[in-house]
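Listed below are the residues making up each chain.
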Amino acid sequence: MAKGHQDKIAVITGGANGIGQAFAQRLAQDGVHIAVADRQSADETVKLVEAAGREGAAFDCDVSSPESIAQLAANVQQRFGRCDILVNCAGVFPLQPFEQITYADWRRVLSINLDGTFLACSAFAPGMKQRGWGRIVNMASSTLGSVVTGFTHYVASKAGIVGLTRALATELGPYGVTVNSIAPGLTRTPGAFARGPRAGVATMEEEFERTAQMQAINRSEVPADLVGTVSFLTSDDATFITGQMINVDGGRNRT
Ligand SMILES: NC(=O)c1ccc[n+]([C@@H]2O[C@H](COP(=O)([O-])OP(=O)(O)OC[C@H]3O[C@@H](n4cnc5c(N)ncnc54)[C@H](O)[C@@H]3O)[C@@H](O)[C@H]2O)c1
């Protein structure tokens, strides 16, 4: 069990699938009760949380909507009384060459990935600040530091998230609230398989294999590779770490 986790309350956006679901399961095993906010059914995640002996609840939420986030905050307050840990995992990553990205495409990616992270921080950070303890973990991406095409809107949204993370860490530092981000490499999740392979690559399996060869550790990344980092960053062992982006990508980026 991680230090300081017992009976804390976490809100995990995008926790119905992939990395967010793995985070929910691990934090529950650490002793944390979990509220999952997703626009898809998160019943499976709630079962994993309950199997770990913690309370879980699923809330229907579109993180890009201020009204939906306000409703989420009210639901979490009613069910759990507070939010100690916020993990912003909801995200989309459509693959589109720059010339094909319309303004609507751009706005969709920015509004879910970046605005959604901002809105959830706005909803839950004030309570953390007031109580003098809090942890926020945002999702960056290894695409920020590597040569990838077809991701201009996505990389811009992740750069925004890293900036938000650094700036918010400065404001919340005096109040016992840390704000960090995790940058995964290409990870085997439903979302990664749904987006399909990039131009010139036949299948996702081939893309995973090619990516593995660009890493120091030559196998593809899975959500389980990321859970130790979220556990650590949200624990009392990470009290003095804030404003950071942690690469968890098998050594693909070494910045
Ligand atoms: N999988 C990768 O290769 C990879 C790499 C780097 C970073 N990431 C980041 O990790 C995070 C999770 O990615 P994943 O691969 O697990 O994706 P995923 O598609 O498997 O899961 C993402 C979840 O977010 C939810 N979601 C999407 N839009 C939402 C919205 N508007 N409101 C609420 N929920 C919404 C989806 O319903 C889904 O459950 C994302 O921020 C992604 O950018 C993923």
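Residues numbered from 1 in each chain as written. Predicted model: local features only at pLDDT ≥ 70, side-chain atom pairs only at ≥ 80, totals over all residues. Heavy atoms only, no water.

**Some words on the side chain of arginine 135**
What counts is decided by this rule: Per the convention used, a helix needs a DSSP run of H or I reaching at least four residues, while a strand needs a run of E reaching at least two, with both numbered from the N terminus. Exposed residues in this analysis have more than 50% of their type's maximum accessible area, buried residues have under 20%, and partly exposed residues fall in between, with area computed by a 1.4 Å probe over protein chains only. Two N or O atoms count as a polar contact when they lie within 3.5 Å, although within protein this holds only if one can serve as hydrogen donor and the other as acceptor, and sequence-adjacent residues are included solely when both atoms are side-chain atoms.
Tracing the backbone through its elements, the reader meets arginine 135 in strand 5 (residues 134-139). In this structure arginine 135 comes out as buried when scored by relative accessible area, which is 1%. Within the structure, the side chain of arginine 135 is placed 3.5 Å from the backbone oxygen of leucine 233, a separation counted as a polar contact.

**Details of the pairing of strand 5**
As a reminder, the rule being used: Whether two strands pair comes down to DSSP finding at least two bridges between them. The handedness of a crossover follows from its direction of travel: if, with the strands pointing away from the viewer, the path from the first strand over the helix to the second runs clockwise, the crossover is right-handed.
Counting buried residues in strand 5 gives 6 out of 6 residues, a clear majority hidden from the surface. Residues of strand 5 alternate between two faces, with Gly134, Ile136 and Asn138 on one and Arg135, Val137 and Met139 on the opposite face, all of them buried. Looking at chain direction, strand 4 (residues 85-88) and strand 5 are connected through 4 bridges and run parallel. Residue pairing across strands places leucine 86 opposite isoleucine 136, the latter belonging to strand 5. In terms of strand pairing, strand 5 meets strand 6 (residues 177-184) through 6 bridges, oriented parallel. Each bridged residue has a counterpart across the sheet, and for glycine 134 the counterpart in strand 6 is valine 177. Handedness of the crossover is the feature at issue here: the chain leaves strand 5, passes through helix 5 (residues 152-172), returns alongside strand 6, and the resulting connection is right-handed.

**Structural notes on the pattern of salt bridges**
As a working rule, side chains carrying opposite charge can pair if their charged atoms are close by. Applicable threshold: Any carboxyl oxygen of Asp or Glu that lies within 4 Å of a side-chain nitrogen of Lys or Arg is treated as forming a salt bridge with it.
In total, this model carries 12 salt bridges according to the counting rule given. For aspartate 30, the salt bridge is made with arginine 26, and the minimal N-O distance between the two is 3.2 Å. The class for aspartate 30 is buried, based on a relative accessible area of 4%. Among the salt bridges present, the one from arginine 188 reaches glutamate 205, with a minimum N-O distance of 2.7 Å. Taken as a pair, arginine 188 in the loop between strand 6 and helix 6 (190-195) and glutamate 205 in helix 7 (residues 204-213) lie far apart in primary sequence, 17 residues in all. Overall, the relative accessible area of 42% leaves glutamate 205 in the partly exposed class. Salt bridges sharing partners connect three or more residues here, namely Arg195, Arg198 and Glu207.

**Let's talk about the nonpolar core**
Under the convention used in this document: What makes a nonpolar core is a set of buried Ala, Val, Leu, Ile, Met, Phe, Trp, Tyr and Cys residues whose side-chain atoms join them at distances within 4.5 Å. Should any heavy atoms of two residues lie within 4.5 Å, those residues are considered in contact.
Grouped together as the largest cluster of nonpolar side chains are 34 residues, with contacts concentrated most on Val11, Leu72, Val76, Leu86, Phe124 and Ile136. Mapped by element, the contributors of at least two residues to this core are strand 1 (9-13), strand 2 (33-38), strand 3 (56-60), helix 3 (66-80), helix 4 (103-131), helix 5 and strand 6. The greatest single-element share of this core, amounting to 10 residues, is contributed by helix 4. Ignoring sequence-local partners within four residues, the contact set of leucine 72 consists of Val11, Ala37, Phe59, Cys61 and Phe124. With 26 residues, the next largest nonpolar core counts Ile19, Ala42, Val49 and Ile85 among its residues.

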